[in-house]
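Here is what each chain is made of, one letter per residue.
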Amino acid sequence: MTPQPDLSPELDVLPQPLLAAAQTARREFLAALEPLRGELFRYCRRLTGSVWDAEDLVQETLARALTRAAQSHQPVQRPMAWLVRIATNAYLDQVRRPAPLLVEPAERAAPPVADSVEVRDALAEVTTLLAPQERAAVVLKDVFDLPLKEIAAMLDTTEGAVKAALHRGRGRLADPDRDTMLARRTAPDRDTLDALAKAFTAYDLGGLTRLFVQDAVSDVIGMAHEVGRDQIAAGSLHHTLHLEDSVRWRAEVRELDGDPLVLMWATPTDGEGTEAVEDILRAETADGGITRLRWYYFCPDVLTEVGERLGVPYRTHGHGL
């Protein structure tokens, strides 16, 4: 029988100075990389085919980059290429997990020349048609126009393997079979989202809290991670409704690509500005309760894309560094 881990070690809590030092180092690291974040997001957006998955991949890339930097004893040359390599490996690690992507089984010959605009359009529509190595190769070559040698180094493979992946990937994109698209994830319960929006607009902290299951998780992307209904109520919900007094919030459920979102409209309380979307919420639900809530207040690339695609006014606030 496998022995159970000891959950009551001598170290009961991490020292607060240690946490403060880690938070300071993280802020300084992210501030140094701030000029590169827009380009990193655009790369992740092409690679994943989803604005939400792209932001998740950016966050994972930056977390890995911080760890990698702490382990590096040599200067990091060409930091953008360094980040792209880390993002590519993080993406490949994700899609190598047991649930496979659906891939067109038949091999098709690639056209002699693949028009880059057509490839970019195809990537936005049929990213799930390509195997991970193929998708990364096509994005790196046809969108970012990197040399084969550099792509091979990023993917930890040979130039010949990159050429083969490009050949297969371009062939699939040239004549995609829409029937092979992956099934969409289960959408959150619309009634629960409507209740969430209504409670936010009414500034009903008690009603909001009751919508979360006991062990729910709340992620203010890039800023805070909360576990449990009580922590969420005392943290992000209390801050939004009671501490953030420079704006008045109004929540509205809208759809993007068939997925319901909660748009958080903000009107400045000083009367100096107009109403605009300043946050976007995405929820996961089960049995009528919220199991996870993601806040995109500190994700300007996400707010920009969603605002422009929905045709609504929006305001961004940077990454909160």
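Residues numbered from 1 in each chain as written. Predicted model: local features only at pLDDT ≥ 70, side-chain atom pairs only at ≥ 80, totals over all residues. Heavy atoms only, no water.

> Looking at this structure, I do not really get the packing of aromatic side chains. What am I missing?
Aromatic ring pairs are described here by two measures, namely the spacing of the ring centres and the angle between the planes. All chains considered together, the criterion is met by three aromatic pairs. With centroids separated by 4.9 Å and ring planes inclined at 75°, the aromatic side chains of Tyr297 and Phe298 adopt a geometry described as edge-to-face. Assessed through its relative accessible area of 18%, Phe298 is described here as buried. Its guanidinium or amino end placed over the ring of Tyr203, Arg248 lies 3.7 Å from that ring's centre, counting from NZ or CZ. (Phe/Tyr/Trp six-rings, centres within 6.5 Å; stacked < 30°, edge-to-face > 60°. Buried < 20%, exposed > 50% of the residue type's maximum accessible area, 1.4 Å probe, protein only. Lys NZ or Arg CZ within 6 Å of the ring centre and 35° of its normal.)

> Please clarify how the packing of helix α3 (residues 51-70) against helix α12 (residues 300-310) should be interpreted in this entry.
Two packed helices can be described by the angle between their axes and the distance between those axes. Where α3 meets α12, the axes come as close as 10 Å, and the angle between the chain directions of the two elements is 170°. Compared by their axis directions, α3 and α12 come out roughly antiparallel. Residue-level contacts link Val51, Trp52 and Glu55 of α3 to Val302, Glu305 and Val306 of α12. Residues belonging to the contact of α3 with α12 are distributed by class as follows: four nonpolar, no polar and two charged. (Axes fitted to C-alpha atoms, helices over the stretch in contact; angles between N-to-C directions. Helix = DSSP H or I, 4+ residues; strand = E, 2+ residues; numbered from the N terminus. Parallel < 35°, antiparallel > 145°, perpendicular 65-115°, else oblique. Contact = heavy atoms within 4.5 Å. Nonpolar A, V, L, I, M, F, W, Y, C, P; charged D, E, K, R; others polar.)

> Hey, could you run me through the pattern of salt bridges in this one?
Between side chains of opposite charge, pairing is possible as soon as their charged atoms come close. Counted according to the given criterion, the structure contains 15 salt bridges. With a closest N to O distance of 2.8 Å, Glu39 and Arg42 form a salt bridge. Here Arg42 and Glu39 lie together in helix α2 (residues 37-48), a separation of three residues that amounts to about one turn. When its relative accessible area of 46% is taken as the criterion, Arg42 is described as partly exposed. Among the salt bridges present, the one from Arg64 reaches Asp93, with a minimum N-O distance of 2.9 Å. In this pair, Arg64 sits in helix α3 while Asp93 sits in helix α4 (residues 79-95), placing the two residues 29 residues apart along the sequence. Take Arg64: its relative accessible area is 23%, and that puts it in the partly exposed class. (Salt bridge = Lys/Arg side-chain N within 4 Å of Asp/Glu carboxyl O.)

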